[in-house]
Amino acid sequence: QVQLVESGGGLVQAGGSLRLSCAASGLIFSSYIMGWFRQAPGKEREFVAAISWSGGNTLYADSVKGRFTISRANAKNTVYLQMNSLSPEDTAVYYCAANHGGWNSRANLNDYEYWGQGTQVTVSS
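In this report, the structure presented in the accompanying data block is examined. Source: prediction; values computed, not measured. (Residues numbered from 1 in each chain as written. Predicted model: local features only at pLDDT ≥ 70, side-chain atom pairs only at ≥ 80, totals over all residues. Heavy atoms only, no water.)

### Some points on the nonpolar core
If you look at the biggest cluster of nonpolar residues, it comprises 36 residues, and the most contacted ones within it are Trp36, Val79, Leu81, Met83 and Tyr94. Of all elements in the fold, only strand 3 (18-25), strand 4 (33-39), strand 5 (46-51), strand 7 (68-73), strand 8 (78-83), strand 9 (92-99) and strand 11 (119-124) reach the threshold of two or more residues within this core. With near-sequence residues (within four places) excluded, Val79 lies in contact with Leu20, Ser21, Cys22, Phe29, Met34, Trp36, Ile51, Ile70, Ser71, Arg72 and Cys96. (Core = buried A, V, L, I, M, F, W, Y, C linked by side-chain atoms within 4.5 Å. Buried < 20%, exposed > 50% of the residue type's maximum accessible area, 1.4 Å probe, protein only. Helix = DSSP H or I, 4+ residues; strand = E, 2+ residues; numbered from the N terminus. Contact = heavy atoms within 4.5 Å.)

Written as structure tokens, this is what we have:
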């Protein structure tokens, strides 16, 4: 049974930082593209970042580029999202997801087979 478990969310002031983690089990972690998505109240779930199987390639949404960094540790079956310079617009539930497809599908949430339960990130002004 595949499980993705996010952690590290919380309440932070604007300009602060958080590091999200997502621990995976029940799958061959290194064979999956890993992504982070987020969903704010009343909005659709949106792509945040993705990382390739070995971590050599990454992609970011324009809204987080230069502030967020995605990384992975295949030996630990874990993917991370370092979030710096947070703003209230970053407030959302953050989800990690696993994609067994090709790199061209890295930003399409419909191509991700497995999802975590989400972790809340709240940024106060």
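### Focus: unusual backbone geometry
With a phi close to 50°, Asn77 is a non-glycine residue in the positive phi region. When you line up the elements, Asn77 lands in the loop between strand 7 and strand 8.

### Some details on the sheet that holds strand 1 (residues 3-7)
In space, the 4 strands of this open sheet follow the order 1-3-8-7, with antiparallel pairing throughout. Whereas interior strands pair on both sides, the edge strands pair on one side only; in this sheet they are strand 1 and strand 7. Looking at each pair of strands side by side, their axes are set apart by 15° on average, direction ignored. Across 6 bridges, the pairing between strand 7 and strand 8 is antiparallel. Across the sheet, the residue bridging to Thr69 is Gln82, located in strand 8. (Pairing = 2+ DSSP bridges. Axes fitted to C-alpha atoms, helices over the stretch in contact; angles between N-to-C directions.)

### Quick word on the environment of Gly101
Relative to the elements of secondary structure, Gly101 occurs in the loop between strand 9 and strand 10 (114-115). It is 9.2 Å that separates the C-alpha atoms of Gly101 and Ser31, two residues lying 70 residues apart in sequence.

By themselves these figures say nothing about function.
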